[in-house]
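Residues per chain are reported as follows:
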Amino acid sequence: MYLHPQPINVAKAKAARDGAKLNVFVELHAPNYPGSTYMLTYDSQQDQLQGTYFQAALQQKFDVNFVRMK
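Residues numbered from 1 in each chain as written. Predicted model: local features only at pLDDT ≥ 70, side-chain atom pairs only at ≥ 80, totals over all residues. Heavy atoms only, no water.

Engineer: Can you walk me through the environment of Asp-47 in this structure?
Structural biologist: Following the sequence through the fold, Asp-47 ends up in the loop between strand 3 (37-43) and strand 4 (48-55). Residue Asp-47 is classed as buried on the basis of its relative accessible area, which comes to 16%. As for Asp-47 and Phe-66, which are separated by 19 residues in sequence, their C-alpha atoms are 8.9 Å apart. Discounting residues that sit within four places of it in the chain, Asp-47 has contacts with Tyr-42, Arg-68 and Lys-70. (Helix = DSSP H or I, 4+ residues; strand = E, 2+ residues; numbered from the N terminus. Buried < 20%, exposed > 50% of the residue type's maximum accessible area, 1.4 Å probe, protein only. Contact = heavy atoms within 4.5 Å.)

Engineer: Before we go on, may I ask you to explain the sheet that holds strand 3 in this structure?
Structural biologist: What holds strands together in a sheet is hydrogen bonding between their backbones, with the strands either parallel or antiparallel. Taken together, the 5 strands give an open sheet; going across it, the order is 1-2-3-4-5, and neighbouring strands pair in antiparallel fashion. Each having just a single partner strand, strand 1 (10-18) and strand 5 (60-67) make up the two edges of the open sheet. Taking the axes of each pair of neighbouring strands and ignoring which way they run, one obtains an average angle of 20 degrees across the sheet. In terms of strand pairing, strand 4 meets strand 5 through 8 bridges, oriented antiparallel. Paired with Gln-48 across the bridge in strand 5 is Val-67. (Pairing = 2+ DSSP bridges. Axes fitted to C-alpha atoms, helices over the stretch in contact; angles between N-to-C directions.)

Engineer: Help me understand the pairing of strand 1, please; the structure alone is not making it clear to me.
Structural biologist: Remember that side chains alternate between the two faces of the sheet whenever the strand is regular. Strand 1 sits mainly on the outside: 0 of its 9 residues count as buried. In terms of strand pairing, strand 1 meets strand 2 (residues 21-28) through 8 bridges, oriented antiparallel. Counted as the bridge partner of Ala-13 is Val-26 from strand 2. Linking two consecutive strands that pair antiparallel, namely strand 1 and strand 2, is a turn of 2 residues; a positive phi of about 70 degrees is found at Gly-19 within it.

Have a look at this one:
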């Protein structure tokens, strides 16, 4: 679980379909996150976004899942 109590500034966001897949790209623009990105794909079976988070300051990639809270 991840909680960020402050708003995160988004520099760029794009969504595009690739056949039945929905891909989402988000680039962050905040003091501790400049150039960090999310590259995600929507999994309709599990109703979640899955993909990678690139932390630019650390030059590291992390696997991430975003689950819809109902």
